[in-house]
Amino acid sequence: MARRFTNQEIAEIFEHIADMLEIQGEIPYKVMAYRRAAENIAALGRDIYDLWQEGALRTIPGVGEAIEEKIDQLLRTGRLELYERLKAEIPSGLLEMRQIPDMGPKRIKTVWEKLGITTVEELEQAARAGKLRDLPGFGAKLESKILAGIEAVRRRKIAGRVPLGAAWPLAQEILRALHEVPGVQRLAAAGSFRRMKETIGDLDFLVAAEDPEAVMERFTTLPIVETVLLKGSTKSSVRLRNGLQADLRVIEAARWGTALQYFTGSQQHNIQLREHALRRGYSLSEYALTRVESGEELLCATEEEVYERLGLAYIPPELREGRGEIEAALEGRLPRLVTIEDLQGDLQVHSTWSDGQASIRDMARAAKAKGYRYMLLTDHSQSLGVARGLTPERLREQRREVESVNAELGDGFRILHGAEVEIRADGRLDYPDEVLASLDLVVASVHTGLRQDRERVTARFLAAIHHPHVHIIAHPTGRLLGEREGADADWEAILRAAAETGTLLEINANPARLDLPDALARRALELGGYLVISTDAHSPGELDLIHFGVAVARRAWATPDRIANTWPLERLLRWAHEKPGRVRRRS
DNA sequence: GCCGTTTTCGGCCCGACTGTTTTCAGTCG
């Protein structure tokens, strides 16, 4: 049997195919088709093998007859003829050149054909020897830019995508600085940052101002700017010291709506929106909606106007990924997305009883101050030694403190006594059933053995989900963004079992995790499941991370009703206490 | 290569900036 590919690996193969076809000079639309298919496969909430077996590959947007056949060939035989052929034809060094700024497919093809250059090293030598400048479309300036680009790539001065949480403080710093510039009328961070995507490729800022010069000047001379990549009259790009690129566009306030819409993206959403506009007789750009027939410009000062004039309900930024949101807006079936104000409590909070940094009282006061009605205390269970997990005896002692703080805080807020219980390597839980039964709510999670094989990991999760006293599965995949992949498991089976047993799946709001990922969260909802959004706070300040989790839920199209910590306490507890009945019915 | 309340063929979003150019190609988003 052919080896198993992940969705990610298959997406990468099509991405490489697109790069190689592009260098070969294939028509751009074909290249775009492979890229789009790759993007949608990477963002799939389902295992592509399941779709393959169901004969449903064509339900993936951008997958038609030809690409379906190629996926089938790959999954059946473990090889893809087209891919192997292209790899034989196109030296791999040419693909590496794509990372160098200003080296696109045409220029790569030129140096390859005219000078026989096939590696970055050869490109560097040719540039140093002044051999590039005489090529058609090249010149002395471009030659030195290419050399600088090679150097930047080598010294890893060019960052790939960074986790949203890492980009957050940088964006705030830049926003603060731009806010101080005189004459700035409106200001926003756009792009994938505004869409709250889990990783950010670059930072995009939009400013409305009378005098673009002053804003551009301030932006390009910020202390955290390493180099200015380009600076025009309405657009500047810089590379920040950490390697992240930041772009700024300045426009007049009257065009704010179209500009913000354009700059927020995503590219796929914009393409689809602009196609939709054309069908309705408008050409849409960042400047205006233009009637195609008369050339008349309609200026939109707000995004709401843009969508309204196109006959669409307003589409929140988190949904703008080209995954059906325009059709939904057209038919008036966009979900009413969950907001931070909908939340009534935080369902994963630690204290100094295990590895937290604050007392139960301090955590509870902070939670109450946020307007919550409840908080689930979830210190670690005994086997997690590194986190000073609690023995059953300590857990009983802790209950007394919970009761005393509850009495102190009075009505209107309640600390629920719970625990974050290890799902052990054999699938059993880290406390005996009678201990679990004594808790208000039980959160179960995996911290060790994430690298077990797929069948074993899946079995562990299923065992926990079918346990009558487990109510929430925390940070399910165990991934750490930019550091560690999530566990390899049959997520479809896990999400389905969770939905059937009414086991809640956590969206962990910590920006290092964001787990469940948005695609799996959306699939969980499709399967009829319910989620919670929790911070996993280890200090009072970390309760504020909740907005990252809300963003993931919104990107998963979640309505408030499907997020269990929007429920009143009584409903939440009733739901939990009904679980043993649901488990029995299913087994 | 994908896709369809203009189409199963003929379209496929729109614009800024740079450098190499006498009017535009390439890259990028």
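Residues numbered from 1 in each chain as written. Chains lettered and ligands numbered in written order. Predicted model: local features only at pLDDT ≥ 70, side-chain atom pairs only at ≥ 80, totals over all residues. Heavy atoms only, no water.

## Overview of the domain arrangement of chain A
What counts, and what does not: Boundary definitions for the domains trace back to an automatic or database domain assignment.
Per the domain assignment, the segments making up chain A are domain 1 (7–90), domain 2 (93–154), domain 3 (162–251), domain 4 (255–330) and domain 5 (340–586). Relative placement of domain 1 and domain 3: their C-alpha centres are 35 Å apart.

## Concerning the packing of helix H2 (residues 28–42) against helix H4 (residues 65–77)
The following threshold applies: Angular values range over 0 to 180 degrees, each being the angle between N-to-C directions of two axes fitted as lines to C-alpha atoms, with helices fitted over their stretch in contact. Working definition: helices are DSSP H or I runs of at least four residues, strands are E runs of at least two. Numbering for both runs from the N terminus. Any angle that falls under 35 degrees is termed roughly parallel, while one over 145 is termed roughly antiparallel, one within 65 to 115 roughly perpendicular, and all others oblique. Each crossing gets its hand from how the near helix is turned against the far one by less than a right angle, where anticlockwise is left-handed and clockwise is right-handed. Only heavy atoms enter the contact rule, under which two residues are in contact if any of them lie within 4.5 Å. Charged means Asp, Glu, Lys or Arg here, nonpolar means Ala, Val, Leu, Ile, Met, Phe, Trp, Tyr, Cys or Pro, and polar covers whatever is left, Gly included.
At a closest axis distance of 11 Å, the pairing of H2 and H4 adopts a crossing angle of 55°. In terms of orientation, H2 and H4 fall into the oblique class. Crossing of H2 against H4: the hand is right-handed. Here Ala-33, Tyr-34, Ala-37 and Ile-41 of H2 come into contact with H4, specifically with Ile-67, Lys-70 and Ile-71. The residue inventory of the contact of H2 with H4, partitioned by class, reads six nonpolar, no polar and one charged.

## With respect to the protein's contact with DNA strand B
Keep this limit in mind: Near residues are defined by distance, with any heavy atom within 4 Å of the molecule or strand qualifying the residue. Within 3.5 Å is the distance limit for a polar contact, defined as a pair of N or O atoms, with the added protein rule that one can donate a hydrogen and the other accept it, and that residues adjacent in sequence qualify only through two side-chain atoms.
Surrounding DNA strand B, one finds 45 residues, the nearest of these being Gly-64, Gly-104, Gly-139, Arg-274 and Tyr-287. Close to the protein, within 4 Å, the atoms of DNA strand B belong to sugar or phosphate groups at a rate of 77%. Ala-66 has a polar backbone atom sitting 3.3 Å from a phosphate oxygen of DNA strand B. Contact distances for DNA strand B include 2.9 Å between a phosphate oxygen and a backbone N or O atom of Thr-234. The dominant element in the surface near DNA strand B, judged by the number of residues it contributes, is helix H14 (residues 267–279), at five residues. Classifying every residue of the surface near DNA strand B by side-chain character gives 18 nonpolar, twelve polar and 15 charged.

## Notes on the side chain of Thr-501
Filter applied, for reference: Only protein chains enter the accessibility calculation, which uses a 1.4 Å probe. A residue is then buried if its area is under 20% of the maximum for its type, exposed if over 50%, and partly exposed in between.
With respect to the element layout, Thr-501 can be found in helix H21 (residues 491–501). For Thr-501, a relative accessible area of 0% gives the class buried. Side-chain polar atoms of Thr-501 contact the backbone oxygen of Ala-497, separated by 2.8 Å. Beyond its immediate sequence surroundings of up to four residues, Thr-501 is in contact with Ile-465, His-466, Lys-579, Arg-582 and Val-583.

## Things to note about the nonpolar core
Soluble globular proteins tend to bury their nonpolar side chains together. As a reminder of what qualifies: To qualify as a nonpolar core, a set must consist of buried Ala, Val, Leu, Ile, Met, Phe, Trp, Tyr and Cys residues joined through side-chain atoms within 4.5 Å.
Counting residues in hydrophobic clusters, the biggest one holds 98 residues, and the most contacted among them are Leu-203, Phe-205 and Leu-240. A total of eight residues in this core trace back to one element, the largest contributor, which is helix H10 (residues 164–179). Residue contributions to this core reach at least three from each of two domains, namely domain 3 (162–251) and domain 5 (340–586). Contact partners of Leu-240, with chain neighbours within four places excluded, come to Leu-170, Ile-174, Leu-203, Ile-224, Val-225, Glu-226 and Ala-246. Formed by 50 residues, the second largest nonpolar core is a distinct cluster that contains Ala-38, Ile-41, Ile-71 and Leu-135.

## Looking at the layout of surface pockets
For clarity, the cut-off: In this analysis a 1.4 Å probe is tested at points of a 1 Å grid over the protein atoms alone, and where it fits but cannot get out there is a cavity; an open set with protein on both sides within 12 Å along at least five of seven lines is a pocket; lining residues have an atom within 4 Å of a point. Grid points are joined across faces, edges and corners, and a volume is the space filled by probe spheres set on the points.
In this structure, the second largest pocket spans a volume of roughly 470 Å³. Elements with a contribution of two residues or more to the lining of the second largest pocket: helix H9 (140–154), strand S5 (225–231) and strand S6 (235–240). Residue assignment places the lining of the second largest pocket across two domains, with domain 2 (93–154) and domain 3 (162–251) each supplying three or more.

## Things to note about the sheet that holds strand S8 (residues 282–284)
The line we're drawing: Any two strands with at least two DSSP bridges between them are considered paired.
Taken together, the three strands give an open sheet; going across it, the order is S8-S9-S10, and neighbouring strands pair in antiparallel fashion. Of all the strands in the sheet, just S8 and strand S10 (297–298) have a single pairing partner and so form its edges. Where S8 lies against strand S9 (residues 289–291), three bridges are found, and the strand directions are antiparallel. Looking across to S9, one finds that Leu-284 is bridged to Leu-289.

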